[in-house]
Every structure is written in structure tokens, then in C-alpha cells.
There are 2 protein chains.
Amino acid sequence: MHAHPRNKVRRVAQRGHYDQASIHAILDAGWIAHVSFADGGGQPFVIPMLYVREGDVLYLHGSIASRLLKSLGEGIDTCLCVTLIDGMVLARSHFHHSMNYRSVVAFGKAVAVADTSEKAAILVRFVDAMLPGRAAEARPADDNEINATALLRVQIEDASAKVRNGGPKDDPADRALPIWSGVIPLALSSGEPIAADDATPGLALPDSVRKFSARWSRQLGGS
Amino acid sequence: MHAHPRNKVRRVAQRGHYDQASIHAILDAGWIAHVSFADGGGQPFVIPMLYVREGDVLYLHGSIASRLLKSLGEGIDTCLCVTLIDGMVLARSHFHHSMNYRSVVAFGKAVAVADTSEKAAILVRFVDAMLPGRAAEARPADDNEINATALLRVQIEDASAKVRNGGPKDDPADRALPIWSGVIPLALSSGEPIAADDATPGLALPDSVRKFSARWSRQLGGS
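As the structure is a prediction and not an experimental result, all values here were calculated from the model.

Caption draft 1: Summary view of the overall build of chain A. Of the regular secondary structure elements, chain A holds five helices and nine strands. Counted from the first residue to the last, chain A has its helices and strands arranged as β-α-β-β-β-α-β-β-α-α-β-β-β-α. The buried share of chain A, reckoned over its 223 residues, is 52%. Considering only contacts within chain A whose residues lie at least 6 apart along the sequence, 73% involve residues at least 24 apart.

Right under this line is the structure:
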């Protein structure tokens, strides 16, 4: 993927990344994409959607009855953004306060996936993309469920990543001020799992849940 | 705010909320809005931006040199979305896996704020919206810094909130399956504050940082 006019990061250019590895790593770390499109009159819309990545394809899914998915699936232009918040950047001056984040903006056309076997294979990926290992633990979708799910395929045409990390960049003239400066790391972290009201009694937490909880507690402490 | 055709939540209608209190509470709990707009040719764009809410106005800010902020500030239609992830919903079937979340979609026109005193007042709000109490601890912006910041004002014309919470909704036929079902709560949480490389030596953590860390650890355990 290259820097075309549509995706060129013009502000703070050193934060822009166009290499595939940076873009894929951010997409693979997120769950929700904000998907934008415009209607015929130029009215923009943006909605949050779950996604999975396969190479340079992003799959989006939702209910077959969704008017937005119907519009989206007709091959219209979309722009998707995935943003991960990594921290608050606290400078000595208001002006240099910032957030640490990783984001990807990707452009492509959304088309509905009609092929049932492609849908079935990708819907399994959605379960594991949410929680690795979960697909093997739960009951797979049957044909009715697959037919009731709309799946969109967006081949990424252009994409760019933007990353801010590290500490605040205070003006040299402010360094003498007795004001604490630094970063508060932020990460999405998991709490204690809560069994469903109608949970089958006597079941231990499954491997997927135990592994996730362990990984996501560590991640917060370590970054 | 009412349910107009533009903002009507058609899918899973019981998840839709149009009352101002629900919408404001979600907006006030987020930091980043995904802001979408279309160019003259109908090409959509979506970018993440920090925001603050004042009544039914959302303010967005960025650098004065940003091409996107320049386009946005000319009074074009925008659609903004704020999404907060609250948990993973693990059902016995793949099909009923879901996320718990709160989101708001808002529509309005973005216009640049030219008045310096309005800008100064709102920029202070951005610092406190990121970290309550921080504005009083750090050096306020001077005139050069205020002039170097572009501020956009979006009067919300329509908005709707969408919320999913609670446990999985398994099909009755699946209840006999020996598969763990429940929720993994998720929340953005803070790690240990990290002083800047050039931090003034010997400063204690400020009140804003200590209060935030206490609140955001509790929140994860409690929700």
C-alpha cells in the first residue's frame, strides 16, 4: 500500500506509516471499526462494526435486515477507521497535552458476500477474533444462522496508520516549571468473568476466557 | 432530540435511545469521536478526534494546518460516532456472540470557531475532559498557542444512542449444551503513571493523576 492523495497523513508527518506490517498489526489489535459512507446526497454516516482481517480484506458483519448493511453492500465507497487508545500525555502546558494512540484509516468498496461457504468460514473467524480459541468451544452456526447474517467484504485499496507514543514534548521554556509531566498508560482490560443467568451449572471457565484474562491483565502493566 | 429518518435505529429497536440524558452520558464518558464527512465527489472520510460537549454542542480540535479541519470547518455535514466497549458476550452458539457497548451517532454541521475568547475557554475544557482537574495544574495556553489551534463547533441536529448490556441470549434449544456462557467485562483502564524523560525531579504525582487512577481501577472491578 502506498501513500496516495486520499490517504496521505499530512499533519505531523513523522507519525504516519504506510507499511503493511504496521497497518495489519493495528487492525489485528482492534475489534471495532468505525465505518463511514455517504448517501447519494453527500450525507455522511458512520457506524461501529465488528470486523476481521484476511490479508488486505476487511470483513464486516451484521444482521441481514440492516438498512445500512444493505446500502453498504452495493459496492459503494467506504472509509474505515480503527483507533486504539494507549495513554494520556500530560505536558507542563495545556497546549502539549495529547493522547497516545494507534489508528488506521482504510479505503475500499464494500460488497456483500453471497457464497455460503465463504460466509461460514469467515463467521468462525469473527468468534476467534473476539476471543481466541472460543470458536472451538461453542456451537457453530447452522445454515439458517449463516443465512441470517450479512457479511461484507472490503478490499483495502489505500490505507495509512498513525501512531503517537512516548512522553510529552514540552517547550524548552516550560521545563523549569514545577509541574508533573508524563504519561498515564491506558488499555482496554478485562474484569472478572460473569456467568450468564441461565448458565449451565458446574462448568469451569473455559480455556479461551482464562487465557484472555491472563493476557489482558499483563498487557496493561507492561506497556 | 427526536428520532428522525436520518438517525432512526432500525435494527434491534429496543437498543435505541433518543433521550438527551442517555446521549449526553455516553458522550461525556468518551474521549474520542470518529468524525465522518464526504468530499464533493461523495468520497467518505472518517478520522478520530478529541472532543468536548457543551449542552448540545460538540467541539472538536486539532492543528490549524490540518486539511481535514479546514474542510470540516466550512460548514459541511458531519456525522460523529462515539463508541465505548463494555464487554464480550459469550453465548453457547457462535451466532449469539456479541459485544456489550454504548454508542452515540450524532449529526450536525461543523463550523470553525474564530472568537479567541470562546476558543480559550473551550481549550481549557479539553484538558479537563481528558483528565479532570488537570487544567488547574498545568500552564494555560498563550495567545500564540490558541491561534495555532483550530476549534470546530458542531451543533447536534439529530442524535441517537445504542446500548447493549447484560448476558448472552441463547436459543432455548442450546441451553442443555455443556458450554460456558457469560460476559467478560471490558473497560479502558489506567496503568502505573510514567514520568517524562525530562520530568522535573522530586515532584509528587498530582491530584488529577491520583484521582483518575483510583477511579478507573474501581470502575473495571465494579461494572
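More follows now that the structure is in view.
Caption draft 2: Broad picture of the packing of aromatic side chains. Scanning all chains against the criterion turns up six aromatic pairs over all chains. Both rings, one in A:Trp31 and one in A:Phe212, keep their centres 6.2 Å apart while their planes meet at 35 degrees; by these two values the pair is tilted. Here the residue A:Trp31 occupies a position in the loop between α1 (20-29) and β2 (32-38), and A:Phe212 occupies one in helix α5 (residues 207-222), the gap between them amounting to 181 residues. Each member of the pair, A:Trp31 as well as A:Phe212, carries the same accessibility label: buried. Ring pairing ties together the aromatic residues A:Phe37, A:Phe45 and B:Phe107, which thus form one cluster.

Caption draft 3: Layout of the domain arrangement of chain A. Residue and element names in this part refer to chain A. Under the domain assignment used here, chain A contains domain 1 (13-186) and domain 2 (190-223). Using only C-alpha atoms to locate each centre, domain 1 and domain 2 end up separated by 24 Å. Buried area between domain 1 and domain 2, both sides added, is near 610 Å², and the carbon and sulfur share of it is 67%. Per-residue buried area on domain 1 facing domain 2 is highest for Trp31, Leu131 and Glu137; these three make up 55% of the total on that side. Applying the counting rule to domain 1 against domain 2 returns zero salt bridges. Our count for the contact surface shared by domain 1 and domain 2 stands at two residue pairs in polar contact (both at pLDDT 80 or more). Tallied by class, the residues present in the side of domain 1 that touches domain 2 amount to five nonpolar, one polar and two charged.

Caption draft 4: The interface of chain B and chain A, seen in detail. Listed per partner, the contact involves 92 residues of chain B and 92 residues of chain A. Overall, the association of chain B and chain A removes approximately 7800 Å² of surface from exposure, summing both partners, and the carbon and sulfur fraction of that is 67%. Looking at the side of chain B facing chain A, the largest losses of area belong to B:His94, B:Arg139 and B:Trp180, adding up to 10% of the total buried there. Here chain B is connected to chain A by eight salt bridges. Among the salt bridges present, the one from A:Arg139 reaches B:Asp174, with a minimum N-O distance of 2.8 Å. Counting every contact that joins chain B to chain A gives 35 residue pairs in polar contact (both at pLDDT 80 or more). Listed by contribution, the elements that provide at least two residues to the side of chain B that touches chain A are β2 (32-38), β3 (44-54), β5 (74-90), β6 (98-112), α3 (116-130), β8 (182-190), β9 (194-195) and α5 (207-222) of chain B. No other element matches β5(B), which puts 10 residues into the side of chain B that touches chain A. Looking at the side of chain B that touches chain A residue by residue, the classes come out as 55 nonpolar, 21 polar and 16 charged. Relative to β8(B), strand β8 (residues 182-190) of chain A is paired through five bridges, and the arrangement is antiparallel.

Caption draft 5: Summary view of the relation of the copies chain B and chain A. With an RMSD of 0.0 Å, chain B superimposes on chain A once it is rotated by 180 degrees and translated 0.0 Å along the axis. Interpreted geometrically, this transformation is the action of a two-fold axis. Relative to the rotation axis, the closest C-alpha in chain B is found at B:Leu188, a distance of 2.0 Å. An overlap of 100% is found between the interface residues of chain B and their copies at the interface of chain A, pointing to a shared contact surface.

Caption draft 6: Region of interest: the state of the cysteines. Using the criterion set out here, one finds zero disulfides over all chains in the structure. The cysteine B:Cys79 is free of any disulfide, with B:Cys81 supplying the nearest cysteine sulfur at 7.1 Å.

Caption draft 7: Expanded view of the pattern of salt bridges. All names here are of chain A. A complete count under the given rule lists 26 salt bridges over all chains for this structure. With a shortest N-O distance of 2.1 Å, Glu54 and Arg125 are connected by a salt bridge. With Glu54 in strand β3 (residues 44-54) and Arg125 in helix α3 (residues 116-130), this pair connects stretches of sequence that are 71 residues apart. Residue class for Glu54 comes out partly exposed when judged on its relative accessible area of 35%. We note a salt bridge from Asp77 to Lys109, for which the minimum N-O separation is 2.9 Å. Of this pair, Asp77 sits in strand β5 (residues 74-90) while Lys109 is found in strand β6 (residues 98-112), placing the two residues 32 residues apart along the sequence.

Caption draft 8: Layout of the nonpolar core. Counting 60 residues, the largest nonpolar core has A:Leu27, A:Leu60, A:Leu72, B:Leu27, B:Leu60 and B:Leu72 as the members making the most contacts within it. In this structure B:Leu27 touches B:Tyr51, B:Arg53, B:Leu58, B:Val82, B:Val104 and B:Ile156, once residues within four positions along its chain are discounted. In this structure, A:Leu131, A:Leu186, A:Val209 and B:Ile85 belong to the second largest nonpolar core, which totals 30 residues.

Caption draft 9: α3(B), seen in detail. All names here are of chain B. An ideal rise of 1.5 Å per residue puts 21 Å on 15 residues; α3 measures up with 21 Å between its terminal C-alpha atoms. Of the residues making up α3, those classed as buried are Lys119, Ile122, Leu123, Phe126, Val127 and Met130. The buried side chains of α3 occupy one side of the element, clustering within an arc of 155 degrees when seen end-on.

Caption draft 10: Local environment of the pairing of β6(A). Residues and elements named next belong to chain A. Here β6 lies mainly inside the structure; 11 of its 15 residues are buried. Here β5 pairs with β6 via 13 bridges, running antiparallel. Its bridge partner being in β6, Val82 is matched across the sheet by Val104. As judged from the 12 bridges shared by β6 and strand β7 (residues 149-164), these two strands associate in the antiparallel manner. Bridged to Lys109 within β7 is Gln155.

Reading the values: rules and limits
- Residues numbered from 1 in each chain as written.
- Chains lettered and ligands numbered in written order.
- Predicted model: local features only at pLDDT ≥ 70, side-chain atom pairs only at ≥ 80, totals over all residues.
- Heavy atoms only, no water.
- Helix = DSSP H or I, 4+ residues; strand = E, 2+ residues; numbered from the N terminus.
- Buried < 20%, exposed > 50% of the residue type's maximum accessible area, 1.4 Å probe, protein only.
- Contact = heavy atoms within 4.5 Å.
- Phe/Tyr/Trp six-rings, centres within 6.5 Å; stacked < 30°, edge-to-face > 60°.
- Domains from an automatic or database assignment.
- Buried area = accessible area lost by both parts, 1.4 Å probe.
- Salt bridge = Lys/Arg side-chain N within 4 Å of Asp/Glu carboxyl O.
- Polar contact = N/O pair within 3.5 Å; in protein donor to acceptor, adjacent residues only side chain to side chain.
- Nonpolar A, V, L, I, M, F, W, Y, C, P; charged D, E, K, R; others polar.
- Pairing = 2+ DSSP bridges.
- Least-squares fit on C-alpha atoms with pLDDT ≥ 70 in both.
- Disulfide = S-S within 2.5 Å.
- Core = buried A, V, L, I, M, F, W, Y, C linked by side-chain atoms within 4.5 Å.
- Expected span 1.5 Å × (residues − 1).
- Arc of directions from axis to C-beta.

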